Amino acid sequence: MKIAVFGTGYVGLVAGACLADLGNEVICVDVDEKKISDLKKGKIPIYEPGLEAIVKKNFEEKRLTFTINAKESIENSKIIFIAVGTPQSESGEADLKYVFQVAETIGKNANESKVIVDKSTVPIGTAKKVKEKASEFTQHKIEVVSNPEFLREGSAVKDFLEPDRVVIGSDSKEAAELIESLYKPLDCEILITSSESAEMIKYASNAFLATKISFINEIANLCEKVGADVKEVSKGMGLDNRIGKHFLDAGSGYGGSCFPKDVQALQKIAHNVGCELSIIREAENVNKKQKTIPVEKLKKEFDSLEGKKIAVLGLAFKPNTDDMREASSIEIINYLLREKAKVIAVDPIAQETAKKILSGIEYAKNPYDAAKGADALILITEWNEFLELDFEKIGREMNSKIIIDGRNIYNKENLKKLGFKYLGIGR
Ligand code: UGA
């Protein structure tokens, strides 16, 4: 199948590379000339395990190409994916200007009937508007399919190729079946719905997962007060298939480019039609508070944090990415700085990103350097590199042996034996 993909961000690039890997001829289009010329040289703009290899392989085998030429890519493709950004507008809604720009470009350059696939996360009703927009500029038939993406950063390629489900929403049976055929090689359930339901499935899924995290975080905070351990509690809960074990890890709150944005956008969508989503609103409030907890814990350990040296392990919003959008680390570090603490941070990949976002902190090469003379250590991102540290060595480096385990990854008993004061989340 001949496919064009507009937008070479996380979703577009992964979808493009994976669709090429499934045997399709894919042209990835972007307005950013530098990005396209880098991609042609095999330079991947984001850190994502496995992506570079799959891009290179399909580029070399000529199933995957990159261009800034929108016209040619539209003329050459029957199926056109829209995977451009939908940034948050000031009101909290998704800003659809890039989506509609692409729809217009498709309409203006359509040389035959086209099937447009919305991969970007867009408000309910957008598929119909995209169809209207593109159709304004062409006599050819335009069908639109909503095909939300559920991949996670850090495991994006695997998530695309081994999804739990594929959702295809369209008013056109023919268009839905065409897109279904693209996903047939994957071993997963394919659900065909209306475009509105497909758009809602995406928001509702992200809002539910965010709520699940905030739920366990609230339970964690209660566990602390009543002497339970949230790790045991979430394990016990998760063994019930109706609850499920995933996304029940308590910690320092959720971040990233999706949950915070989508949780707000869904509330806005609801508000616009006179509904209030009180559970989701509270999930958001709990999350904001959760990001302050590591510092609250620390404040109880010292009379003042002024001048205290705090080692921070992990800056990315989660492991295996350099993305720091809405990362808990930003809230935590800024809070520490407001308390006049000195911060020395370390992250295997996200340090360069951090330098653009955070000021007034130092960086260490590794956790042992960060621990030198530190009055406390806070673990924020559970990178593999931080899982098995030599805590005897860390303890020797530190000024006082206090660990705030913001993701509950360490063995509290072992740390206690080594003389640490261990403070997890809900343990
Ligand atoms: C999320 C969804 O998981 C994807 O299905 C979706 O496609 C994507 O958003 C999107 O809409 O594009 P992502 O933001 O990449 O993916 O990352 P997640 O793995 O979902 O983690 C989000 C945040 O939740 C992270 O900060 C993570 O630390 C936190 N989290 C996750 C917890 O605090 N506890 C958990 O149990 C799980």
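To keep things clear, this report deals only with the structure shown in the data block. (Residues numbered from 1 in each chain as written. Predicted model: local features only at pLDDT ≥ 70, side-chain atom pairs only at ≥ 80, totals over all residues. Heavy atoms only, no water.)

### Quick word on the layout of surface pockets
The computed volume of the second largest pocket comes to approximately 270 Å³. Taken together, Asn221, Glu224, Lys225, Thr292, Ile293, Glu296, Lys297, Lys300, Glu301 and Leu423 form the lining of the second largest pocket. Of all the elements in the fold, those that place two or more residues in the lining of the second largest pocket are helix H9 (195-226) and helix H13 (293-301). At five residues, H13 tops the list of elements feeding residues into the lining of the second largest pocket. Looking at which domains feed residues into the lining of the second largest pocket, each of domain 2 (202-289) and domain 3 (291-423) supplies at least three. (1 Å grid on protein atoms, 1.4 Å probe; cavity = no way out; pocket = protein on both sides within 12 Å on 5 of 7 lines; lining within 4 Å. Points joined across faces, edges and corners; volume = space filled by probe spheres on them. Helix = DSSP H or I, 4+ residues; strand = E, 2+ residues; numbered from the N terminus. Domains from an automatic or database assignment.)

### Thoughts on the site of the ligand
Around the ligand, the surrounding shell holds 19 residues, and the nearest of these are Phe150, Leu151, Glu153, Lys202 and Lys318. Between an oxygen atom of the ligand and a main-chain N or O atom of Glu149, the distance comes to 3.3 Å. One nitrogen or oxygen atom from the main chain of Glu153 is found 2.7 Å from an oxygen atom belonging to the ligand. Taken by itself the ligand offers 710 Å² of open surface, and the protein chains cover 91% of this. Sorting the residues of the shell around the ligand by element identifies H9 and helix H11 (259-272) as the ones contributing at least two each. By residue class, the composition of the shell around the ligand is nine nonpolar, two polar and eight charged. (Near = heavy atom within 4 Å. Polar contact = N/O pair within 3.5 Å; in protein donor to acceptor, adjacent residues only side chain to side chain. Areas by Shrake-Rupley, 256 points an atom, 1.4 Å probe, with all protein chains shown as cover. Nonpolar A, V, L, I, M, F, W, Y, C, P; charged D, E, K, R; others polar.)

### Re the sheet that holds strand E13 (residues 402-405)
Pairing in this open sheet of six strands is parallel, and the strands run E11-E10-E9-E12-E13-E14 from one edge to the other. The two strands at the open ends of the sheet, each matched to only one other strand, are strand E11 (362-363) and strand E14 (421-423). Where strand E12 (residues 376-379) meets E13, three bridges bridge the pair, whose relative direction is parallel. Bridge pairing links Leu379 to Asp405 in E13. Packed on one face of the sheet, H13 meets strand E9 (309-313), E12, E13 and E14 and runs near 160° to E13. (Pairing = 2+ DSSP bridges. Contact = heavy atoms within 4.5 Å. Axes fitted to C-alpha atoms, helices over the stretch in contact; angles between N-to-C directions.)

### Some words on unusual backbone geometry
Located in the positive-phi region is Lys62, a residue other than glycine, with phi close to 65°. In this structure, Lys62 sits in the loop between helix H3 (51-60) and strand E3 (64-67). At Phe247, a position not held by glycine, the phi torsion is positive, near 60°. Locating Phe247 in the fold gives a position in the loop between helix H10 (230-238) and H11.

### Looking at empty space enclosed by the protein
Taken as a whole and assessed by the stated rule, the structure comprises one cavity of 30 Å³ or more. Size it by volume and the largest cavity reaches roughly 40 Å³. Lining of the largest cavity is provided by Asp118, Ser120, Thr121, Val122, Ser146, Pro148, Glu199 and Lys202.

### As for the nonpolar core
Among the nonpolar cores identified, the biggest contains 51 residues, and Leu298, Leu336, Ile394 and Tyr410 are the most heavily contacted of them. The residues contacting Leu298, other than those within four sequence positions of it, are Leu305, Ile310, Leu336, Ala376, Ile378, Ile402 and Ile404. Grouped together as the second largest cluster of nonpolar side chains are 39 residues, Val5, Ala83, Ala175 and Cys188 included. (Core = buried A, V, L, I, M, F, W, Y, C linked by side-chain atoms within 4.5 Å. Buried < 20%, exposed > 50% of the residue type's maximum accessible area, 1.4 Å probe, protein only.)

### Remarks on the packing of H11 against helix H12 (residues 278-290)
Taken N-terminus to C-terminus, the directions of H11 and H12 make an angle of 150°; their axes are 10 Å apart at the nearest point. Relative to H12, the element H11 lies roughly antiparallel. The two elements H11 and H12 meet at a crossing, and its hand is left-handed. Contacts between H11 and H12 involve Val263, Gln264, Leu266 and Gln267 on the former and, on the latter, Ile280, Arg281 and Glu284. Partitioning the contact of H11 with H12 into residue classes produces three nonpolar, two polar and two charged. (Parallel < 35°, antiparallel > 145°, perpendicular 65-115°, else oblique. Left-handed = near helix turned anticlockwise from the far one by under 90°.)

### A short note on the pattern of salt bridges
Throughout the structure, instances matching the rule amount to 33 salt bridges. Between Glu61 and Arg63 there is a salt bridge; the shortest N-O distance is 2.6 Å. For Glu61, a relative accessible area of 43% gives the class partly exposed. Judged by relative accessible area, Arg63 falls into the partly exposed class, the value being 23%. Linking Asp229 and Lys412 is a salt bridge whose minimum nitrogen-to-oxygen distance equals 3.1 Å. Here the residue Asp229 occupies a position in the loop between H9 and H10, and Lys412 occupies one in helix H18 (residues 412-417), the gap between them amounting to 183 residues. Assessed through its relative accessible area of 10%, Asp229 is described here as buried. Among the ionic contacts, a cluster of salt bridges with common partners joins Lys131, Lys141, Glu143 and Glu174. (Salt bridge = Lys/Arg side-chain N within 4 Å of Asp/Glu carboxyl O.)

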